[in-house]
Amino acid sequence: MVRRAFSLVELLLTVALIGVISGVSIPLYREYQIRNDLNLAMEQSLQGLSRAQLLSRLNQDDSSWGFSVPTGVLFKGQSYATRDSAFDEAYPLPTNITVSGLAEVAFAKITGEPLTTGTIVLQGANSSQQTIVVTSGF
């Protein structure tokens, strides 16, 4: 009776191949995840800014509206510090994204023009970044 089995060489080659594939795919997956989180943060920020501008144009609750990018909060009022927190809406950003530049943008009632202008920079853990430019006519 002949017994068939894997030889030690075949087993070592299989383990080595799995190691090489893992060594290549794990960093690639991490890059994909960071890029995806950065794109998500960009979309969340743009959505919050657009909603704040829309509510200001509609003169919703006779108030201006704004968006705080680092906290991901749509707020009622002219600044995040003096907001009416009962009207807050959350647009949470992924935790591995850092925000620099313009931290919050409030919009004027009726016209929807930003009260402050500047650049919002979203940066991922791998130093890749996305930029949102807030200007008049945003």
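As a reminder, the structure under discussion sits directly above these lines.
Residues numbered from 1 in each chain as written. Predicted model: local features only at pLDDT ≥ 70, side-chain atom pairs only at ≥ 80, totals over all residues. Heavy atoms only, no water.

K.L.:
Hey, could you run me through the nonpolar core in this one?
P.N.:
Inside soluble globular proteins, nonpolar side chains tend to come together where they are buried. Leu 49, Phe 67, Leu 74, Val 105, Ile 120, Leu 122 and Ile 132 are the most contacted members of the largest nonpolar core, which has 20 residues in total. When contributions to this core are tallied by element, the ones reaching two or more residues are α1 (8-57), β1 (65-68), β5 (104-107), β6 (118-123) and β7 (129-134). Here the element with the most residues in this core is α1; it accounts for 6 residues. (Core = buried A, V, L, I, M, F, W, Y, C linked by side-chain atoms within 4.5 Å. Buried < 20%, exposed > 50% of the residue type's maximum accessible area, 1.4 Å probe, protein only. Helix = DSSP H or I, 4+ residues; strand = E, 2+ residues; numbered from the N terminus.)

K.L.:
Which parts of the structure should I look at to understand the sheet that holds strand β2 (residues 73-76)?
P.N.:
The strands that make up a sheet pair up through hydrogen bonds in the backbone, lying either parallel or antiparallel. What the 4 strands build is an open sheet, ordered β3-β2-β1-β5; its pairing is antiparallel. Each edge of the open sheet is held by one strand with a lone partner, namely β3 (89-90) and β5. (Pairing = 2+ DSSP bridges.)

K.L.:
Where do I start with the side chain of Ser 56 in this structure?
P.N.:
Tracing the backbone through its elements, the reader meets Ser 56 in helix α1. A relative accessible area of 0% means that Ser 56 is categorised as buried. In terms of polar contacts, Ser 56 uses its side chain to reach the backbone carbonyl oxygen of Phe 107, at 3.2 Å. Beyond its immediate sequence surroundings of up to four residues, Ser 56 is in contact with Ser 63, Ser 64, Trp 65, Phe 107, Ala 108, Lys 109 and Ile 110. (Polar contact = N/O pair within 3.5 Å; in protein donor to acceptor, adjacent residues only side chain to side chain. Contact = heavy atoms within 4.5 Å.)

K.L.:
Please explain the pairing of β1 as it appears in this structure.
P.N.:
Along any regular strand the residues' side chains alternate between the sheet's two faces. Burial along β1 is two-sided: Trp 65 and Phe 67 and Gly 66 and Ser 68, pointing in opposite directions, are all buried. Bridge count for β1 against β2 is 4 bridges, and the pairing is antiparallel. Following the sheet pairing, Gly 66 is matched in β2 by Phe 75. A loop of 4 residues connects β1 with β2, the two strands running antiparallel in sequence, and Gly 72 in this loop sits at a positive phi of about 70°.

K.L.:
How do you make sense of the packing of aromatic side chains when you look at a structure like this?
P.N.:
The geometry of two aromatic rings is summed up by the distance between their centres and the angle between their planes. Tallied over the entire structure, the rule returns 5 aromatic pairs. Centre to centre, the rings of Trp 65 and Phe 87 are 6.2 Å apart; their planes meet at 90°, and the pair counts as edge-to-face. With a gap of 22 residues between them, Trp 65 in strand β1 and Phe 87 in the loop between β2 and β3 connect regions that are remote in the sequence. Residue Trp 65 is classed as buried on the basis of its relative accessible area, which comes to 3%. Judged by its relative accessible area of 31%, Phe 87 is partly exposed. The interplanar angle of 25° and the centroid separation of 6.2 Å between the aromatic rings of Phe 107 and Phe 138 together place this pair among those described as stacked. Here the residue Phe 107 occupies a position in strand β5, and Phe 138 occupies one in the segment after β7, the gap between them amounting to 31 residues. Residue Phe 138 is classed as partly exposed on the basis of its relative accessible area of 24%. (Phe/Tyr/Trp six-rings, centres within 6.5 Å; stacked < 30°, edge-to-face > 60°.)

K.L.:
Hey, could you run me through unusual backbone geometry in this one?
P.N.:
For residues other than glycine, phi is negative in most cases, and the peptide bonds are mostly trans. Positioned with a positive phi, Asp 62 is a non-glycine residue whose angle comes to about 50°. The phi dihedral of Ile 110 is positive, around 70°, even though this residue is not glycine. Along the polypeptide, Ile 110 turns up in the loop between β5 and β6. Owing to a relative accessible area of 56%, Ile 110 belongs among the exposed residues under this scheme.

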